[in-house]
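Structural features, examined
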Amino acid sequence: MKKLKASFPHLGSYHAPLEVFFTAGFGVDYIVPPPITKRTLEIGSRYSPDYVCAPFKYHLGNFIETIEAGANTLVQSSGVCRLGYYGELHEQILQDLGYKVHFVNLAKYKAPKPINFYNGFKEIKPDMSLTKIAQIFPVVLKMFEHIDEVEDFIRQNVGFESTIGSFDKVHADFLSDLRMIRKKKELNNTYRNYMKRFKEISVKKPNNPLRVGIIGEYYTIMEPFSNHYIEKELAQMGIIVDRWLNVSNTLLHYPKKEMKKHIEDYVKYPMGATSIPTIDRALDYAKKGYDGIIHVKSFGCTPEIDTIPVLQNISNDYKIPILYFSFDTQTSETGFTTRLEAFYDMIVMRKEAKK
Amino acid sequence: MNVVIRKAGLYTMKIGIPRALLYYKYKHLWEFFFDELDIEYIVSPETNNEIVRKGTTYAIDESCLSSKIYLGHVEWLINKCDYILVPRISDYGSGGTVCTKFQAIYDVVSNTFRDRNIKLLYYNIDPKAADFEMIAFLKMGKFLGKSKSRSLYAYLIAKQMQKCAQLKEIDEQKQRLSENKTKILLIAHRYNICDKYIGEPIITFLRELGTVPILGDIASKREALAKSIEISETLPWTFNKELVGSIPLYKDKVDGIILMSAFPCGPDSLVNDIVIRRVKDIPILSLMLDEHEGSAGIQTRLESFVDIIRLKKGDFNEKT
Ligand code: SF4
Ligand code: SF4
């Protein structure tokens with residue numbers, strides 16, 4: 001049997017832990033999908049249904065580009081909302097296009113996530129070792145957490161770095177070092193060293209900087225290409241960015257009950273997918289007096305569309321500006337920048353007026 | 001004295017039911033339930049231009065046409081009743097999930113019309129929280145001041161009536177299936193295909209073209225759910241499963257299939273593509289409707305679709 005070369009669609013910077021999980025846990029090669037570019041989106045859109053939500057198109061583009069890069073085993077996650085049905089259509093489209101690959105669709109298995117991975121992979125790799133998976137799994141989880149902690153720190157500071165690019169440089173080194181790690185102890189050391197390096201980067205923060213919270217749909221918020229690198233743009237404007245939504249918060253530390261309670265004046269029931277954290281964070285940023293909130297999603301994302309009437313009420317009640325971005329495959333760069341700049345001007349003026 | 005006041009209170013209590021989304025699925029269940037309990041209710045009128053216009057104004061622009069229309073109906077009911085019935089459904093347990101719209105619509109309505117002092121009737125189905133349909137109805141009955149036994153009785157009667165109505169429909173459709181005319185299977189959510197504004201013009205036009213429209217949503221739900229696996233293994237949404245499952249049930253008895261969706265429907269965006277890729281030996285037309293769609297364009301597309309079907313049939317007949 002040919003050596004399995006597996007791949008999973010991109011999501012932010014998480015390819016390092018995924019690579020560790022696949023190589024050390026499943027004992028297969030892992031192909032990191034080529035970085036997302038215009039071409040990724042173009043081929044993804046060409047073969048996708050027109051009005052499907054954008055993450056579907058990005059994933060398909062990733063799949064095709066990793067096949068070109070040598071992958072022969074593609075993995076699609078299960079999940080809530082439309083994500084739970086992505087895999088079956090992705091597999092069908094790739095098959096219709098004539099690609100001969102293994103497709104592991106986790107939606108076929110009804111168990112919790114890590115067990116699903118195991119069940120899905122057993123079909124194509126019967127000699128997998130459960131012990132190895134059990135050994136690497138906690139390391140992988142911790143890696144997700146550390147990436148999120150590091151990126152939280154970056155979002156708070158990168159806008160004020162004395163030398164442009166300092167944070168990016170250390171961040172890239174950090175991610176590339178993570179790929180070699182197999183033991184918890186190594187991971188701890190690496191994380192500690194890098195946190196130290198991040199903290200040593202010289203930053204000049206003004207006394208009362210602008211603060212903006214980002215909320216919205218899972219993929220678009222986490223995949224920078226799909227949101228036009230909005231966090232970078234905000235940083236360049238000298239804004240501190242807060243974002244709760246990431247893999248470790250949703251997977252490991254999701255205070256669903258508390259959040260539901262916190263937002264009960266606005267909504268009685270969960271509205272699907274990321275709606276609870278979207279509303280909960282918006283309300284929290286509003287209460288804490290942030291200068292603004294930015295809501296991002298892909299065009300047609302039903303659960304996030306449905307949070308908008310709630311966000312509008314929060315915006316009115318707390319007098320906090322909210323900027324809404326809905327990205328589709330044709331969103332123009334100019335339109336995006338113009339709206340972001342107008343929003344920036346407005347929150348600056350409001351802050352001046354409050355003084 | 002006391003009794004009189006309570007009675008007077010009861011008589012003025014009026015429920016408003018938006019004629020949109022799940023109304024088309026649960027009409028009999030709801031109406032007979034209220035009838036049995038002597039609760040007055042009012043159903044908003046058939047969708048008209050004004051309702052569509054209002055709904056479009058209140059809805060977030062990117063929402064699906066069906067939910068825009070829903071908000072138009074809710075708006076129509078405001079100030080015409082005491083409570084509006086806006087059902088909330090989490091999922092159908094082992095039967096599948098729902099489009100998140102049905103999880104969200106209750107709170108969408110309450111937030112959209114917050115300043116209009118709108119009151120919503122309790123109705124939540126959530127199998128994980130043991131809020132099954134019957135429980136939901138008992139709670140609704142309690143809220144309306146009815147005893148548990150009376151509510152239970154009303155629910156059971158209403159449930160029977162709903163079943164009868166479904167059987168009758170299936171029977172009627174059976175007769176249409178035996179007609180010796182071109183038959184077209186419409187795969188569309190019932191709230192779309194039966195809506196005066198979205199679907200009815202299409203049905204009427206198909207009839208004018210001399211064809212017989214067959215509704216995928218009229219079928220034994222149990223059979224359809226089971227059959228849907230033949231087309232798609234991991235399909236999560238109950239309503240889409242039922243529709244997709246009607247294809248194997250009816251395919252051999254019809255001459256063409258129309259997939260009709262409301263722009264930009266989430267579940268349908270994926271499901272329609274699966275159907276087109278997997279159901280091969282029958283002509284399929286895919287129609288996407290939004291509030292800007294002119295009827296002229298649709299009619300042309302329907303006409304040429306029916307022409308293609310007839311041409312195919314003609315060829316076929318010549319050979320036999
Ligand atoms: S949450 Fe939004 S983007 Fe994600 S699958 Fe659902 S509709 Fe698509
Ligand atoms: S299934 Fe489609 S048409 Fe129905 S509510 Fe959901 S998005 Fe709208």
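Residues numbered from 1 in each chain as written. Chains lettered and ligands numbered in written order. Predicted model: local features only at pLDDT ≥ 70, side-chain atom pairs only at ≥ 80, totals over all residues. Heavy atoms only, no water.

1. Re the overall build of chain B
To be explicit about the condition: Counting from the N terminus, the helices are the DSSP runs of H or I reaching at least four residues and the strands are the DSSP runs of E reaching at least two. To sort residues, take the accessible area from a 1.4 Å probe on protein chains only and compare it with the maximum for the residue type: under 20% means buried, over 50% means exposed, and anything in between is partly exposed. Any two residues having at least one pair of non-hydrogen atoms within 4.5 Å are treated as being in contact. Neither His nor the chain ends contribute to the count of charged residues, in which Lys and Arg are positive and Asp and Glu negative. Think of each charge as sitting on NZ of Lys, CZ of Arg, CG of Asp or CD of Glu.
The helix and strand tally for chain B stands at 13 helices and ten strands. Over its C-alpha atoms, taken along the principal directions, chain B stretches across nearly 80 × 40 × 35 Å. In chain B, buried positions account for 57% of the 320 residues. In chain B, the proportion of contacts linking residues at least 24 apart, taken out of those at least 6 apart, comes to 73%. When the 45 basic and 41 acidic side-chain charges of chain B are each reduced to a single mean position, those positions are 5 Å apart.

2. Some thoughts on the domain arrangement of chain A
Residues and elements named next belong to chain A. Keep this limit in mind: For the purposes of this description, domain bounds are those given by an automatic or database domain assignment. Accessible-area loss on putting two parts together, using a 1.4 Å probe and summing over both, is the definition of buried area adopted here. A pairing counts as a salt bridge when a side-chain nitrogen of Lys or Arg comes within 4 Å of a carboxyl oxygen of Asp or Glu. Two N or O atoms form a polar contact when they lie within 3.5 Å of each other; inside protein one atom must be a possible hydrogen donor and the other a possible acceptor, and for residues adjacent in sequence the pair counts only when both atoms belong to side chains. Polar here means any residue outside two lists: the nonpolar Ala, Val, Leu, Ile, Met, Phe, Trp, Tyr, Cys and Pro, and the charged Asp, Glu, Lys and Arg; Gly therefore counts as polar.
The assigned domain composition of chain A is domain 1 (5-128), domain 2 (140-205) and domain 3 (207-355). Here the C-alpha centre of domain 3 lies 24 Å away from the C-alpha centre of domain 2. Listed as interface residues are twelve residues of domain 2 and, on the opposing side, 18 residues of domain 3. The largest contributions to the domain 2 side of the interface with domain 3 come from D148, R155 and Q156, which together make up 42% of the buried area. Seen at the junction of domain 2 and domain 3, the total is two salt bridges. Note that K232 and D168 form a salt bridge whose closest N and O atoms lie 3.4 Å from each other. Joining domain 2 to domain 3, the criterion identifies seven residue pairs in polar contact (both at pLDDT 80 or more). A per-class count over the side of domain 2 that touches domain 3 returns four nonpolar, two polar and six charged.

3. Considerations on the site of ligand 2
As a reminder of what qualifies: By convention in these notes, a residue is near a molecule or strand provided one of its non-hydrogen atoms lies within 4 Å of it.
In the neighbourhood of ligand 2, the contacting residues comprise C64, S66, C99, K101, H189, Y191, C265, G266 and P267 of chain B. Per-domain counts for the shell around ligand 2 show at least three residues from each of domain 1 (4-162) and domain 2 (179-313) of chain B.

4. Describing the interface of chain A and chain B
Listed by partner, the interface residues are 41 residues for chain A and 39 residues for chain B. Buried surface at the junction of chain A and chain B, summed over both partners, amounts to about 3,500 Å²; 58% is from carbon and sulfur atoms. There are five salt bridges connecting chain A and chain B. Across the pair R278 of chain B and E88 of chain A runs a salt bridge, and its minimum N-O distance is 2.6 Å. Those elements giving two or more residues to the side of chain A that touches chain B turn out to be helix 4 (83-96), strand 7 (292-298) and helix 14 (302-318) of chain A. Along the lines of polarity and charge, the residues of the side of chain A that touches chain B split into 23 nonpolar, ten polar and eight charged.

5. Side note on the nonpolar core
Short version of the rule: Residues grouped as a nonpolar core are buried Ala, Val, Leu, Ile, Met, Phe, Trp, Tyr and Cys residues, joined through side-chain atoms within 4.5 Å.
W30 and F34 of chain B are the most contacted members of the largest nonpolar core, which has 146 residues in total. Element by element, the count of residues in this core is highest for helix 6 (residues 130-157) of chain A, at nine residues. Those residues within four positions of F34 of chain B in sequence are excluded, and the remaining contacts are I15, I17, I39, Y41, L85, L121, M140 and L144 of chain B. Counting residues in hydrophobic clusters, the runner-up holds 41 residues, among them L74 and I93 of chain A together with L185 and V212 of chain B.

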